[in-house]
Each structure stands twice: as C-alpha cells, then as structure tokens.
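Listed below, chain by chain, are the residues.
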Amino acid sequence: MNSKQNDVLSFFDNFEAAAPASAPGAFIREVLPPNIGRLARGEHFSVFKREHAKEAASVYNYLISLDSYDDFKAKVVKFRPLLNEGIYMYAISMALLHRADTVGILLPPSWQINPKSYFTSETILHAKREAHCRQDVTVGSKPVPFFSTGTVRDAEFKLAWWREDVMLNGHHYHWHEVYPYEGTEKGNKTETKDRQGELFYYMHQQMIARYDAERLGVGLMRVEPYVNWSRPIQEGYNPHLTDYYGSKRFSARPANMFLADSWQDPQKPVLVSELMYHYNRLLDAVNTGHFKKVDNEKIEVEIDSLGAAVESSCSSPNKALYGSVHNDGHDLLAQVTDPDGRYKSAGGVMGATETAVRDPIFFRWHKFIDNLFVLHKLNLKSYTHEDLNLDGVTIHSVRVNVTNSENCEESVLTTRMEDFTVDISHDMFLDPDPDPQASPNTPVNVKVKKINHDHFEYKIVIKPIDLTYDQLKNRKFGKEGEGEGTCLADRYCECGWPEHMLLPRGTESGMQFDLFVMATDWSLDSPDNLDRGTSYCGLKDEKYPDSRSMGFPFDREMEDETIDTFTTRFPNMYSTPIKIKYTGYKASQ
C-alpha cells in the first residue's frame, strides 16, 4: 500500500486521537476563510441545509486549491479538531476525490469509519461492550448481532433489510460526495460536472424502479408519490441510530405526522408554502418548455437543467424562482417531529445522505420528484426508427444461466439471504483509550444479513455487420492495462450500485421479468472507458461516457408499444422472459 493510501486511512481513523494539543484559534485566524468553522462541533451536519453545504464547500474547495500534497496533508491534520465532525468527513472525502494528486486513492467505506449512521445504537452499544471486555482477545470471538428496527406489525418492515443495507446507504452517500450540488471551484468559476443534473435524475429514478421491484416481490404495491402535503404521512419510521458523535438519536417519526414549517433557523425558515410555490414554478417551466433566468431571459428546459433546478445546484437557471425543492423537502421531512427546534433533536434520517434511504418516505418523496422529470419526458417526441434501429445487426438469441448452483434451470436466476460480517472498530468518532500503552482498536465484528445472488452469465448470439478497413482503423477500443481491481485516474472507484444487490430478491415461486438486450451504434453512443460505476458516477473530470439520454430507449413515451412488439419491429433488439427465485436464508458456517 502506498504512502498516500496510508495517509487517507489515518485521516479517518481514531478521530480524537490525532487532534493536536495546541489551541486552534491562531490557525483559524491565520489560514481559514471567514465562513469556515461556523457549525460547531457536536452539532448535526446535514448536506440538505444550505448553510451547512456552503461551509462544507468552502472547506473542500480550499483543500482542493492547495498546491502541494504535503500542504494538503498538513491542513487536513489541523482541521480535525476545528471542524464540525460531519463537515470534516464530508469535505475531506470530497477533496480526496477531486484533487489531481490523489487520483486512484480509495476511500474507506463510510459505513466502517462512521458506523453510528449505519448500525443501530443497540448494535453500537453492544460492540463497545465487546471491545472493552476483550482488549486483546480477538480470536474466536463471536460477531455482534445486528438489532432490528421494527416488527412485522409494520408492513414497510418487510423491506427494512433492503432499505437499511449498509452498502446501499453508502452508495447514496458516496454519490453525493462525487456530485456535490454546491459544485467545485475551477479558476474563478464554481460549476457542477458534465450532465450532473441528468445524472441526479437518473440515479434516483433507478433506485425507485428497483425499490418498486422489491416491493412487488414481498407483496406490497408500488411506491405512491408523496403528493398531498396537507394529509398525514402514513408511514412512520424509527431508525434506532445515533448521530456521528453518539450524543443525539436520530428522531423517530410516528405514523400520521403532518408536514410543518421548519423554524429551527429563525433567520432562514423553510416554509411549506414556499416549497409549494417553487414546485409550481418548476411545473410552469416543464409545461411551457422554458426556464426564466434572473434577467427574465428564457432558456429551453432540457433534462440536465431541470435536474439542476430541482436539486438547486450551483448550475440552477434561477435559484430565487425555482428554489430548492429536493433539498428543502428532505429538510422538512427530517424536522417533522421538531420543526421549531424546541426539543433540540437531531432530526430524522431524511436529513443526511448516509441515512435517508432507510426511511420509506425517501422513496415516496423521490417518486414525487421523479414525476417532474416524467412530465418533461412526456413532452418530448418519441424516438424515431432511425434512433432505435441498427441496420445489418440482428440479435438471434439471449440466454441467461446460473453458473455456480446445483439448480441450473435455464432462464432462472436465484437469490438468497446470507450473513455479512464487517469490522466497525475503525470508528472515527470513538473516544481513544486514555492509556498510551494500550493496544490499538480491538476488531469488533458485526453480523448482518444481506441479499445476494448466485453467479450468472449472459449468452448473447449476435450477427454484426462487417466493418470496412477505415472503420476498423478508426475504431475506438478500451485502453490497455485496464485490469480487474485497478483504479485509474479518470475513475470514481467503488462508486455505484452494490454488487450483491445486482438482482431483485424475487419470490420463492419465481418472479417473472423480461430481460431486454439492444445493440446500438458504438460511434453514436461513444461509450468509451466503461467500467464499474460509470453508469451512475461517470468519469472523473471528463464527459459522461455515453452520448445517449440516460435510460435510453425507455426514457420516452412509446406509442402503443409493448416489449414484444418493440423487439419484433427492430432486429437489433431481443427480449426473453426470465424468473428470479428467492431460495431463502443461507446461514454462515
């Protein structure tokens, strides 16, 4: 492991232990911009709160601007005792992902360095007891059990295992690190990344589609959008989580709470009426096909600018008019149990990107958000025959088979629930042992259950057209040396959908799906440098590696089409029915 990778691990290990003993005041006055250090240590950080996000952006942009890696490293060490803990972890991660001299560096999983946001407080308490009881006795120790957050009396608890998956929540947190809505500074400009607004739409839309599949698999209906804000929120949720510091619990939300204005910051309240106003302005823009800029200039609504306006990124065409619907909704839903802050609660899990996916209301809120994009897509013309066809190419057959199971039925994939064990002793917010002679953190393993699938392979028989000499000569191929397990300079490694959740759970009798395959023109799509995570995360500091609309060809309305008629019309498409069978829980040996 190289020295920089070791440095990165040290940035996130034993948070308090590495704090310098000297007073921080002189350093703050010496080097820090005036808007850094406003959120006190121990206060709850939420990237959905504009002021919190601005301070975090000031920190990571400052760190990105430092000329040398040595200077960056020194500043990171000095920041540890000065910054709010949540801002520190978010901003340092951001800087590491975007500095030119830290390319290829892998960040430790957020659910290991900050387990309090991923594992229940009962689990954390049990883990601490285990650590204190066996300082040096690690061999043969049993893993800490994972405590449940609810019971079957709540219908939504049927999918708690999916929403609370630590890697799924880590994916959501990491994506928002890679694509901060406050943008990154480049010269004198602050800007978001290529197609960031569209990717904001696409990533969340795919999460909703997948969650719908999981709901159908356990006998629940598809997600209903949270549309009527004057009606009670039917779903309750108790996350059983503490915040980063273990000092406050994330609030539990009882069923049938009402959305209310948030006055936690009296100078900048978040009002339901204002949220509705901004949402209606977005509807106006989608329906008319034009945004109004600050100077009243009209610009066309397209998917990227719509995503920027909905999230209210720094690329929004008019923040004053279109507001911050996505972020303010998260904030209001997080504060619903203590909207004026009278009880000084930490708020609900909707206020943090590392925890929001756990709450059933996350998907109802994002289904509501997604409907704005659906309305925009419905206003677009359907794809033409030329858009969809690929002359001279025919897909003859598509098969999918499990490769490592005794049950090798053709076109049947299998999933199972299995044990997953993770060490959470590298908690950056655990208090260090006061004895300098004490041993390092004792490994503390937590056992949880996760969905997984048997390995499978696709077998696609396709007749491509013969390429001419010039086409072969100018053909773009992948770079040499892109072996498995490498992290290249233009990649956001380990960003993307968790591999163990690649397939929906399915049902015991076999849940029916259509497997769709489409061959398209490489020269038009330009999907160079495809790798793990590029669909959701793109390439570092480069254009998104596919010129087609995200979700193509199903992102626009198809007149009187079914999968069967669609594939019949186009020989470069093929669809075959498959089943996904859930085979139950496989306990670890």
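What counts and how
- Residues numbered from 1 in each chain as written.
- Predicted model: local features only at pLDDT ≥ 70, side-chain atom pairs only at ≥ 80, totals over all residues.
- Heavy atoms only, no water.
- Pairing = 2+ DSSP bridges.
- Helix = DSSP H or I, 4+ residues; strand = E, 2+ residues; numbered from the N terminus.
- Expected span 1.5 Å × (residues − 1).
- Buried < 20%, exposed > 50% of the residue type's maximum accessible area, 1.4 Å probe, protein only.
- Arc of directions from axis to C-beta.
- Contact = heavy atoms within 4.5 Å.
- Salt bridge = Lys/Arg side-chain N within 4 Å of Asp/Glu carboxyl O.
- Axes fitted to C-alpha atoms, helices over the stretch in contact; angles between N-to-C directions.
- Parallel < 35°, antiparallel > 145°, perpendicular 65-115°, else oblique.
- Left-handed = near helix turned anticlockwise from the far one by under 90°.
- Nonpolar A, V, L, I, M, F, W, Y, C, P; charged D, E, K, R; others polar.
- Phe/Tyr/Trp six-rings, centres within 6.5 Å; stacked < 30°, edge-to-face > 60°.
- UniProt positions renumbered as here; feature names shortened; annotations may be inferred.
- Patch = residues over 30% accessible without salt bridge, like charges linked within 9 Å, V, L, I, M, F, W, Y side chains within 5 Å.
- Areas by Shrake-Rupley, 256 points an atom, 1.4 Å probe, with all protein chains shown as cover.
- pLDDT = per-residue confidence, 0-100.

*Asks:* Got a sec to walk through the pairing of strand E8 (residues 445–453)? Specific residues and values, please.
*Replies:* Taken together, the 2 bridges between strand E1 (residues 144–145) and E8 define a ladder with parallel strand orientation. In the strand pairing of E8, Val144 is matched with Val446. Across 9 bridges, strand E7 (residues 412–423) lies against E8 in antiparallel orientation. Paired with Met417 across the strands is Ile451, a residue of E8.

*Asks:* Would you mind going over the sheet that holds E7 in detail, with residue names and values included?
*Replies:* Pairing is mixed across the open sheet formed by 5 strands, whose spatial order is E1-E8-E7-E11-E10. Taken across any chain shown, the strands that pair with only one partner, and hence form the sheet edges, are E1 and strand E10 (511–518).

*Asks:* How would you explain helix H7 (residues 121–133) if you had to name every residue and give the values?
*Replies:* Taking 1.5 Å of rise per residue, the 13 residues of H7 would be expected to cover 18 Å, and the 18 Å separating its terminal C-alpha atoms lies within 8% of that figure. For H7, the set of buried residues is Ser121, Thr123, Ile124, Ala127 and Ala131. On an axial view of H7, the arc spanned by its buried residues comes to 155°, and they lie on one face. Facing away from the buried side of H7 by over 90 degrees, the exposed positions are Arg129, His132 and Cys133. Buried positions along H7 lie against E1 and E8.

*Asks:* Go over the pattern of salt bridges, please, and point to the residues and values.
*Replies:* Scanning all chains against the criterion turns up 23 salt bridges. For Arg50, the salt bridge goes to Glu182, with nearest N and O atoms at 2.8 Å. With Arg50 in helix H3 (residues 50–65) and Glu182 in the loop between helix H9 (166–178) and strand E2 (184–186), this residue pair connects regions lying 132 residues apart in the sequence. Note on Arg50: relative accessible area 21%, which makes it partly exposed. In this structure, the salt-bridge partner of Asp454 is Arg416, at a minimum N-O distance of 2.7 Å. Of this pair, Asp454 sits in the loop between E8 and strand E9 (456–463) while Arg416 sits in strand E7, placing them 38 residues apart in sequence.

*Asks:* Now, about the packing of helix H11 (residues 272–288) against helix H15 (residues 360–378): what can you tell me, with residues and values included?
*Replies:* It is the contact of H11 with H15, at a shortest axis distance of 8 Å, that shows an interaxial angle of 25°. With respect to their mutual orientation, H11 and H15 come out roughly parallel. The way H11 lies across H15 gives a crossing that is right-handed. Between H11, through Leu275, Tyr279, Leu282, Leu283, Val286 and Asn287, and H15, the contact on the second element is made entirely by Trp365, Phe368, Leu372, Leu375 and His376. For the contact of H11 with H15, the residue count by class is 9 nonpolar, 2 polar and no charged.

*Asks:* Give a description of helix H12 (residues 303–311) that names residues and reports values.
*Replies:* Most of H12 is tucked away: 8 of the 9 residues are buried. Looking only at H12, the buried set comprises Ile303, Ser305, Leu306, Gly307, Ala308, Ala309, Val310 and Glu311. Within two residues after H12, Ser312 carries a phi angle of roughly 65°, on the positive side.

*Asks:* An account of the packing of aromatic side chains is requested, with residue identities and associated values reported.
*Replies:* Counted by the stated rule, this structure contains 27 aromatic pairs. The interplanar angle of 70° and the centroid separation of 4.9 Å between the aromatic rings of Phe516 and Phe554 together place this pair among those described as edge-to-face. Within this pair, whereas Phe516 is found in strand E10, its partner Phe554 is found in the loop between helix H19 (534–537) and helix H20 (563–569), the two being separated by 38 residues in sequence. Residue class for Phe554 comes out partly exposed when judged on its relative accessible area of 39%.

*Asks:* Just give me the short version of the UniProt feature "domain: Tyrosinase copper-binding" (unreviewed entry) in the protein, but keep the residues and values in it.
*Replies:* As recorded in UniProt, the sites labelled "domain: Tyrosinase copper-binding" (unreviewed entry) are residues 359–370. Regarding residues 359–370, the helix share stands at 92% and the strand share at 0%, and the terminal C-alpha atoms are separated by 17 Å.

*Asks:* Now, about the environment of Glu559: what can you tell me, with residues and values included?
*Replies:* If you trace the backbone, Glu559 turns up in the loop between H19 and H20. Glu559 sits 177 residues away from Ser382 along the chain, and the two C-alpha atoms are 7.8 Å apart.

*Asks:* Kindly report on a nonpolar patch on the surface, identifying the contributing residues and their values.
*Replies:* Together, Tyr458, Ile460 and Ile462 give the surface a local cluster of nonpolar side chains, amounting to about 280 Å² of exposed area. For Ile460, the position within the fold is in strand E9.

*Asks:* Help me get a handle on the confidence of the model for the protein, residues and values and all.
*Replies:* Here the protein averages 85 in pLDDT, while 84% of its residues score no lower than 70. This model gives residues 430–439 a pLDDT under 50, and the stretch forms 10 contacts once residues within four places in sequence are excluded. Confidence drops under pLDDT 50 across residues 475–486; counting only partners more than four residues distant or on other chains, this segment forms 10 contacts.

*Asks:* Any details on the pairing of strand E11 (residues 573–586)? Residues and values, ideally.
*Replies:* Moving residue by residue along a regular strand, the side chains alternate between the two faces of the sheet. In terms of strand pairing, E7 meets E11 through 6 bridges, oriented parallel. The residue bridging Met417 from the neighbouring strand is Tyr585, located in E11. Bridge count for E10 against E11 is 8 bridges, and the pairing is antiparallel. Within the sheet, the bridge partner assigned to Val517 lies in E11 and is Tyr574.

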